[in-house]
Amino acid sequence: MAEVPSDAELARSLEGGFVSRHADVNGTRLHYVAGGHGEPLLLLGGWPQTWWEFHKIMPALAGRHRVIAVDLRGMGGSDKPRDGYDKKTMAADILGLVRHLGHDRVDIAGHDIGGMVAYAFAANHAPHARRIALLDIAHPDERFYNHSLLPRPGRQQIDGDIHAGPGRFLWWFAFNQVPGLPERLLAGRSRELIDWMCDYLIEDPAAIGDRDRAIYAHAYSTPDAIRAGNSWYRAFGQDIADEKTYGKVTAPLLGLGGGEAGHMLLRAVLPDKGTDVEVVQVPGSGHYIPEEQPEIVVEHLTRFFA
């Protein structure tokens, strides 16, 4: 695999005085990149990516916020322990980081798995959650058990081609549940997975370029990294059980949905999850909203977190 820049080099490449740091919190070691000035705004990414997925929006946000992009437990430069991948525990990681950095109340924008953690943070640590933005994801609930193992003809595939279907066939939700096998199949071949996921869930594949894909592939190149990332999915059963105990989130919630699928999911799910909810569709975007439509994301986050 081609050599990729270190997190420190990547942080320095961004305008806003960004630096790469680590913090020992909640029994694990988290990597984060911080820069800018103002009220704290945490950015939490998802699978199969790292904090770098926010690199197009971080400089603009840093003009108004202290931006802190975090590698979650199991991601990138953070530790990859054997357990603790339920979103309630990962939200406790983020609370530990918030306190470590000397903050009390924070804004959080989470994409994919990071959105699940952001929601769990608001549900479990309400006094510390000011406003929460969820990018193309909702927290696991009973609906997750309805995801089909077979692509629906005409909806998730056309003439046997899942790339031609208008809906998303979430086959990796099941694949990532299998212990041991993904590590053996993907170790050293993670670029194949990265390319497939990017091309499948994106409007314009050029929005995530070769260098970005190489960075993500490097982050998931080892069996330990693959196992850790898959553990976020293997914890969905616990996440669903935990979600049943949560009341409505009182912090204002913003849902940014990419394309039809993400927008419709958030439109259907979020209104019942909070007391102050707004859902917006991001035009011209698939799943990877911060990289596909960074200007629109910056516009909405700047407005929402003002």
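Residues numbered from 1 in each chain as written. Predicted model: local features only at pLDDT ≥ 70, side-chain atom pairs only at ≥ 80, totals over all residues. Heavy atoms only, no water.

Asks: What is the right way to read the overall build of the chain from this model?
Replies: Check the secondary structure of the chain and you find 13 helices and eight strands. Overall size of the chain, expressed as C-alpha extent along the three principal axes, is 55 × 45 × 35 Å. In the chain, once contacts between residues fewer than 6 apart in sequence are set aside, the share between residues at least 24 apart is 72%. Charge centroids of the chain, computed over 31 positive and 40 negative side chains, lie 4 Å from each other. (Helix = DSSP H or I, 4+ residues; strand = E, 2+ residues; numbered from the N terminus. Contact = heavy atoms within 4.5 Å. Lys, Arg positive; Asp, Glu negative; His and termini not counted. Charge placed at Lys NZ, Arg CZ, Asp CG, Glu CD.)

Asks: Looking at this structure, how should I read the side chain of lysine 80?
Replies: Along the chain, lysine 80 turns up in the loop between β4 (65–71) and α3 (87–100). For the buried lysine 80, no salt bridge exists, and the shortest N-O distance to an oppositely charged side chain is 6.8 Å, to aspartate 224. Sequence-distant contacts of lysine 80, defined by excluding residues within four places in its chain, comprise Gly74, Met75, Tyr85, Asp224, Ala225, Arg227 and Ala228. (Buried < 20%, exposed > 50% of the residue type's maximum accessible area, 1.4 Å probe, protein only. Salt bridge = Lys/Arg side-chain N within 4 Å of Asp/Glu carboxyl O.)

Asks: Explain the sheet that holds strand β7 (residues 253–258) to me, please; I cannot follow it from the model alone.
Replies: Two modes of strand pairing occur in sheets, parallel and antiparallel, and in both the strands are linked by backbone hydrogen bonds. Pairing in this open sheet of eight strands is mixed, and the strands run β1-β2-β4-β3-β5-β6-β7-β8 from one edge to the other. The open sheet has two edge strands, β1 (19–25) and β8 (277–282), and neither has a second partner. Between one strand axis and the next, the sheet turns by 20 degrees as a mean value, whatever way the strands run. Across six bridges, the pairing between strand β3 (residues 39–44) and β4 is parallel. Note on β4: the bridge partner recorded for proline 40 is arginine 66. Contacts from helix α11 (residues 259–269) reach β6 (129–135), β7 and β8 within the one sheet, and its direction differs from that of β7 by about 155 degrees. (Pairing = 2+ DSSP bridges. Axes fitted to C-alpha atoms, helices over the stretch in contact; angles between N-to-C directions.)

Asks: Is there a simple way to explain the packing of helix α7 (residues 190–200) against helix α8 (residues 210–219) in this structure?
Replies: Across the interface, α7 lies against α8 with an axial gap of 9 Å and an inter-helix angle of 125 degrees. The orientation of α7 with respect to α8, classified from their angle, is oblique. For the element pair α7 and α8, the recorded crossing hand is right-handed. From α7, Ser190, Arg191, Ile194, Asp195, Cys198 and Asp199 reach across to α8, where they touch Asp210, Arg213, Ala214, Tyr216 and Ala217. Per-class residue counts for the contact of α7 with α8 are five nonpolar, one polar and five charged. (Parallel < 35°, antiparallel > 145°, perpendicular 65-115°, else oblique. Left-handed = near helix turned anticlockwise from the far one by under 90°. Nonpolar A, V, L, I, M, F, W, Y, C, P; charged D, E, K, R; others polar.)

Asks: Honestly, the packing of aromatic side chains in this entry has me stumped. Any pointers?
Replies: Both the distance between ring centres and the angle between the ring planes are used here to describe each pair of aromatic rings. Applying the stated criterion across every chain yields a total of 14 aromatic pairs. Consider the rings of tryptophan 172 and phenylalanine 173, whose centres lie 6.1 Å apart with planes at 65 degrees: the pair is edge-to-face. Chaining the aromatic ring pairs together yields one cluster made of Trp47, Phe144, Trp171, Trp172, Phe173, Phe175, Trp196, Tyr200, Tyr233 and Phe236. Positioned above the aromatic ring of phenylalanine 304, the side-chain terminus of arginine 131 is 4.9 Å from the ring centre. (Phe/Tyr/Trp six-rings, centres within 6.5 Å; stacked < 30°, edge-to-face > 60°. Lys NZ or Arg CZ within 6 Å of the ring centre and 35° of its normal.)

Asks: It is not clear to me how α8 should be interpreted in this structure. Could you clarify?
Replies: Because an α-helix completes one turn every 3.6 residues, residues spaced three or four positions apart along the sequence face the same direction. Across the 10 residues of α8, seven count as buried, placing the element largely inside the fold. Every buried residue belonging to α8 is among Asp212, Arg213, Ala214, Ile215, Tyr216, Ala217 and Ala219, and all of these are buried. Looking at the buried residues of α8, the elements they touch are α1 (7–12), α7, α9 (223–234) and α12 (289–292).

Asks: Explain the nonpolar core here, please?
Replies: Nonpolar side chains in soluble globular proteins generally cluster together in the buried interior. Grouped together as the largest cluster of nonpolar side chains are 101 residues, with contacts concentrated most on Met58, Ile94 and Leu301. Top element by residues in this core is helix α4 (residues 113–124). It accounts for eight residues. Ignoring sequence-local partners within four residues, the contact set of methionine 58 consists of Leu14, Phe18, Val33, Leu43, Trp51, Val67 and Ala69. (Core = buried A, V, L, I, M, F, W, Y, C linked by side-chain atoms within 4.5 Å.)

Asks: What am I meant to see in unusual backbone geometry here?
Replies: A negative phi angle characterises most non-glycine residues, just as the trans form characterises most peptide bonds. Note that the residue after tryptophan 47, namely proline 48, is joined by a cis bond; omega there is -5 degrees. Along the chain, proline 48 turns up in the loop between β3 and α2 (58–61). Positive phi, normally seen in glycine, also occurs at aspartate 112, with a value near 60 degrees. Residue position: aspartate 112 is located in the loop between β5 (106–111) and α4.

Asks: Help me out: how do you make sense of α9 in this one?
Replies: Across its 12 residues, α9 extends 16 Å between first and last C-alpha, which sits within 8% of the 16 Å expected from 1.5 Å per residue. The element α9 is largely enclosed, with a buried count of nine among its 12 residues. Within α9, the full set of buried residues consists of Ala225, Ile226, Arg227, Ala228, Gly229, Asn230, Ser231, Trp232 and Tyr233. Buried residues along α9 sit against α3, α4, α5 (171–175), α6 (181–186), α8 and α10 (236–243). (Expected span 1.5 Å × (residues − 1).)

Asks: Teacher, can you tell me more about the packing of α9 against α10 here?
Replies: The description of two packed helices rests on the angle between their axes and on the distance between the axes. Where α9 meets α10, the closest approach of the two axes is 5 Å, and the angle between their N-to-C directions is 40 degrees. As far as their axial angle goes, α10 and α9 are oblique. Residues Trp232, Tyr233 and Arg234 of α9 touch α10, and the partners they reach there are Phe236, Gly237 and Asp239. The class makeup of the residues in the contact of α9 with α10 is three nonpolar, one polar and two charged.

Asks: Even after reading the chapter, I still don't get the confidence of the model for the chain, so can you show me in this structure?
Replies: Fine structural detail should not be taken from predicted coordinates in areas where pLDDT scores are low. In this model, the chain carries an average pLDDT of 96, and 99% of its residues clear a pLDDT of 70 or more. Within the chain, the lowest mean pLDDT, 87, falls on α11, and the highest, 99, falls on β4. (pLDDT = per-residue confidence, 0-100.)

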